[in-house]
Amino acid sequence: MTASTATAAGGYAFAYLDDQTKRMIRRAILKAIAIPGHQVPFAARDMPMPYGWGTGGIQVTAAILGPADVLKVIDQGADDTTNAVSIRKFFKTTANVAVTTRTTEATVIQTRHRIPETPLGPGQILVYQVPIPEPLRFLEPRETETRVMHALADYGLMHVKLYEDIATHGRIAKTYAYPVKVEGRYVMDPSPTPKFDNPKMHLSPALQLFGAGREKRIYALPPFTHVVSLDFEDHPFEPTRFDAPCALCGATGVYLDEVVTDDAGGRMFVCSDTDHCETRRAEGHHGTEWAGEATEATA
Amino acid sequence: MTDTLSTPLLSAENLGRDYGARIGCRDVAFDLFEGEVLAIVGESGSGKSTLLNLLSGQLAPTAGRVAYRMRDGATRDLGSLSEAERRFLFRTDWGFVHQDATRGLRMGVSAGGNVGERLMAVGERHYGRIRAAAEDWLGRVEIDTTRIDEKPTAYSGGMRQRLQIARNLVTAPRLVFMDEPTGGLDVSVQARLLDLVRGLVADLGLAVIVVTHDLAVARLLSHRTMVMKDGRVIEQGLTDRVLDDPREAYTQLLVSSILQP
Amino acid sequence: MYVAVKGGEAAIDNAHAWLADRRRGDRAVAEIAPDQIREQLTLAVDRVMNEGSLYDRDLAALAIKQSRGDLIEAAFLVRAYRTTLPRFGATEPLDTGAMAVARRISATYKDLPGGQILGPTFDYTHRLIDFALAADGEPPRAPTAPADAAAMPRVTDLLAGEGLLEADSPYDPEAPVGDLTREPVTYPAARDLRLQQLARGDEGFLLALAYSSQRGFGSTHPFAGEIRMGEVELEFDCADLGFAVPLGSITVTECQMVNQFAGSADAAPAFTRGYGLAFGHAERKVMAMALVDRALRTQELGGEVVAPVQDQEFVLSHADNIQATGFVEHLKLPHYVDFQAELGLVRKLRAEWTARREARDAAADTLADREAAE
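These figures come from a predicted structure and were not determined experimentally. (Residues numbered from 1 in each chain as written. Chains lettered and ligands numbered in written order. Predicted model: local features only at pLDDT ≥ 70, side-chain atom pairs only at ≥ 80, totals over all residues.)

Turning our eyes to something else, we now look at the overall build of chain B. Regarding its fold elements, chain B presents eleven helices and ten strands. At 18 Å, chain B has a C-alpha radius of gyration in line with the 18 Å of a compact globule built from 261 residues. If you line up chain B on its principal axes, its C-alpha atoms span 55 × 45 × 40 Å. Relative to its full complement of 261 residues, chain B shows a buried share of 44%. Of the contacts made within chain B by residues no fewer than 6 positions apart, 64% connect residues no fewer than 24 positions apart. (Helix = DSSP H or I, 4+ residues; strand = E, 2+ residues; numbered from the N terminus. Rg over C-alpha atoms; globule rule 2.2 N^0.38 Å. Buried ≥ 20, exposed ≤ 12 C-beta atoms within 10 Å, placed from the backbone. Contact = placed C-beta atoms within 7 Å.)

Attention now goes to the overall build of chain C. Of regular secondary structure, chain C possesses twelve helices and four strands. Computed over its C-alpha atoms, the radius of gyration of chain C comes to 28 Å, more than 25% above the 21 Å expected for a compact globule of 374 residues. Taken over the C-alpha atoms alone, chain C extends approximately 105 × 70 × 55 Å along its principal axes. For chain C, contacts bridging at least 24 residues in sequence account for 64% of all contacts bridging at least 6.

Residues and elements named next belong to chain C. Within the open sheet, the four strands sit side by side as S1-S2-S3-S4. Their pairing is antiparallel. Pairing within the sheet leaves two strands with one partner each, and these edge strands are strand S1 (100–105) and strand S4 (270–279). Direction aside, the axes of adjacent strands within the sheet are offset by 30° on average. Relative to S4, helix H9 (residues 283–296) is tilted by about 140°, and along the sheet it contacts strand S2 (223–238), strand S3 (243–262) and S4. (Pairing = 2+ DSSP bridges. Axes fitted to C-alpha atoms, helices over the stretch in contact; angles between N-to-C directions.)

This brings us to the domain arrangement of chain C. Residues and elements named next belong to chain C. The assigned domain composition of chain C is domain 1 (11–83) and domain 2 (96–120 + 150–169 + 178–328). One C-alpha centre belongs to domain 1, the other to domain 2; they are set 28 Å apart. Between domain 1 and domain 2, the residue contacts involve 13 residues of the former and 14 residues of the latter. Among the elements that line the side of domain 1 that touches domain 2, the one with the most residues is helix H3 (residues 42–52), at seven residues. Its residues assigned to classes, the side of domain 1 that touches domain 2 comprises seven nonpolar, two polar and four charged. (Domains from an automatic or database assignment. Nonpolar A, V, L, I, M, F, W, Y, C, P; charged D, E, K, R; others polar.)

Glancing now at the confidence of the model for chain B. Here chain B averages 92 in pLDDT, and 97% of its residues register 70 or above. Across chain B, helix H6 (residues 127–140) of chain B holds the top mean pLDDT of 97, while helix H1 (residues 2–6) of chain B sits lowest at 63. (pLDDT = per-residue confidence, 0-100.)

So, about the pairing of strand S9 (residues 217–221) of chain A. For a regular strand, side-chain orientation follows a simple rule: the groups alternate between the two sheet faces. Residue and element names in this part refer to chain A. Across the five residues that make up S9, a large majority, five, are buried. What you see with S9 is no split at all: Arg 217, Tyr 219 and Leu 221 on one side and Ile 218 and Ala 220 on the other are buried throughout. Direction of pairing for strand S1 (residues 40–41) relative to S9: antiparallel, over a ladder of two bridges. Following the sheet pairing, Pro 41 is matched in S9 by Arg 217. Of the pairings in the sheet, the one linking strand S8 (residues 207–212) to S9 comprises five bridges and is antiparallel in character. The residue bridging Phe 210 from the neighbouring strand is Tyr 219, located in S9.

The subject of this paragraph is the interface of chain C and chain A. Counting residues at the interface gives 24 residues for chain C, matched by 21 residues for chain A. Among the residues forming the side of chain C that touches chain A, the class breakdown is 14 nonpolar, three polar and seven charged.

A few words on the domain arrangement of chain B. All names here are of chain B. Parsing chain B into structural domains produces domain 1 (1–83 + 173–181 + 204–261) and domain 2 (94–172). With centres defined by C-alpha atoms, the gap from domain 1 to domain 2 works out at 26 Å. Residue-level contacts link nine residues of domain 1 with eleven residues of domain 2.

What follows is the structure, given as structure tokens:
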């Protein structure tokens, strides 16, 4: 290693961001917590990974992380996906914090597209990576107009979209990024989590923070916030259900990934939450495709 | 209840709007009562569209004010309403029928969604009831209810105007503004639309302010008529009186050139 | 005495000499060779081949050297060269399903036949300047494994097999291959011409359009069904011989976007396609291309054209950066005559304005004097 690379690796602040930037982000986070569901603009920085790959979540995590924290990073529910590995490595390098794949051990969990199956507890913080924070964006592309709509709680158009879904498809045809109303006031995008996870946001004892880097917005759900998925009285919100249990751990009532096993139509459904699945298998549960013979040692 | 009959629904006082040195309209004053239909007639450039925008609170006056008696009975100056109150008024107690239906409708949303939007905006959350109300209103404006899921892009010009009217009336407004509602339509389509509007206005006891350059529209729909020229009201009175016995030379010219074959 | 400036040949020659001198830079530093560019600036070479519309790594590398690294300028050089080449016919359609894959990822399935192959990618790197690259020293060779003989079916074929994805448009070997370098585009343009223009189009422009569609200006609800990069065989159907002759292989990147489903009373709901293909390793380009391709199909799929990315005239007529740079930079050319005419008009208008203002002020003064006298 040359002298200059040593400087490059060692020349960064704890968790990459400088203190000024962290203060700015923390102020935005505090404001977001004070007004649940409201999108607070913040001066997002260019990060050394591409926009759209979690730069918002990374900045939020960097701003709240302390040396004693234990970090878990998931993408699509899994700890071993490329984006999760990359981000976990980033914080291990720049903050030297303890990392884990166990939901119960983590103090901070950064996530893309899922909420862990294991219920979160008080003191835990869930950081969501958000691509498009504006739930009204696809109804009204102009920011100037959507800000006014939020300010005036002018949300009729959102229900028009849901009405159209039912008129066209017989049901609300939204499966992820399913809009919610927070504390009866702000309509919020839960990030592109499957609607399966929406009920987990409601009255969660954990603090939930949402960061959108490219769009420069932070929003939050303080612990025990009312989060209600939008619907109609006669077409109530229905979380996605799966017909079969996880093929590996036999879990039911969890979110499953479809795995293509061959090109002749073979499919297998397994837990999207890898920690949940591994924990269950370690406890002796098993599904149809896993007999439970060998457990790899999990360090 | 004598109060609602004796207190105007809407009052314009010394109302005016200048655009720099150019006059939009000036010194307009009138009272409009519940169930009353007022036509504002004049040529293009006479200031009638500016006046309509002032009366509906979409344009701030440079002189005078517009007072409106809210549903709670309190009379308020439109200029003092917050943006939220103004929007609420627009989706509950008021309607606005545009000459160009594409401005008054959501062209990418089905007819049912167009009619249902106001209900949802004021908190209706029962799909079945919203749909029933939409079907009811499509029927009342003589649109085949089997076409409820079609978008207005599939509708003819006359149907679009009728859909616009249904979309406005679904929240039982007390006052509807109409800007050249028959403009651009074929004569036979115009006649059918006017007939429909006349029936609805009478049945529902609506107050209407209709802007038109077509004196036949004023004749058919309105109780009272105001004639505008160069931004000012030059003559007003009962419609029959203004059209049958015009006092101003300009009105006489208008009546003779347009109404007489 | 004043003498009007004339464009001197000597001045132009001197400018070119200066350009060549600046291209060379500090002569104490070794001169870069085109083969170094070809081998070490491969993605620049790929971009120039795409926008230059010609698969020739050596030529593109030379063009990059000649253009001092200005890639639009380099593409322009390649385009101009391409124009001079004879044209023998069209190759058989590429079979990307039979690609020798160097990279293959799907965002729609966690695992699938053939697996996910990450290949040489920046994706998971941290964008920290690597100062070690400034020093001499060879990187270790990348680990290799024997090529997997297992089939790697395209994700879109898996989906289409189940009927979940709209069928590819049928291939008619007899139909003429559209070529907008040979026929001017007329609107509406068919999809083959649109794809051709997108393949030649400016990466930055396509990227911005694709991005706008993700932000609500013409949403298509995309999933990256599959991106694959590797070598494919080229076969040329030689009319004289009566059979297809292999020409060798080229590297291409392909993106199949799986988009918003459509359905009607007559057709069962199915996802729709957006397609991107480019020379070399060009993921950003093919992903943007696939998003724009799908957006340009809005009308044919029964949608309402409301956003720039859905407007084919807007997209196709502005996608070509050689054309764009030409027209923008043509503003450097003389416009004396037109400007002179404008200049005359503005002067006249200003004089009239001043006269009116003075007349008004004079009238106001007269009035004020009269009032003061009263």
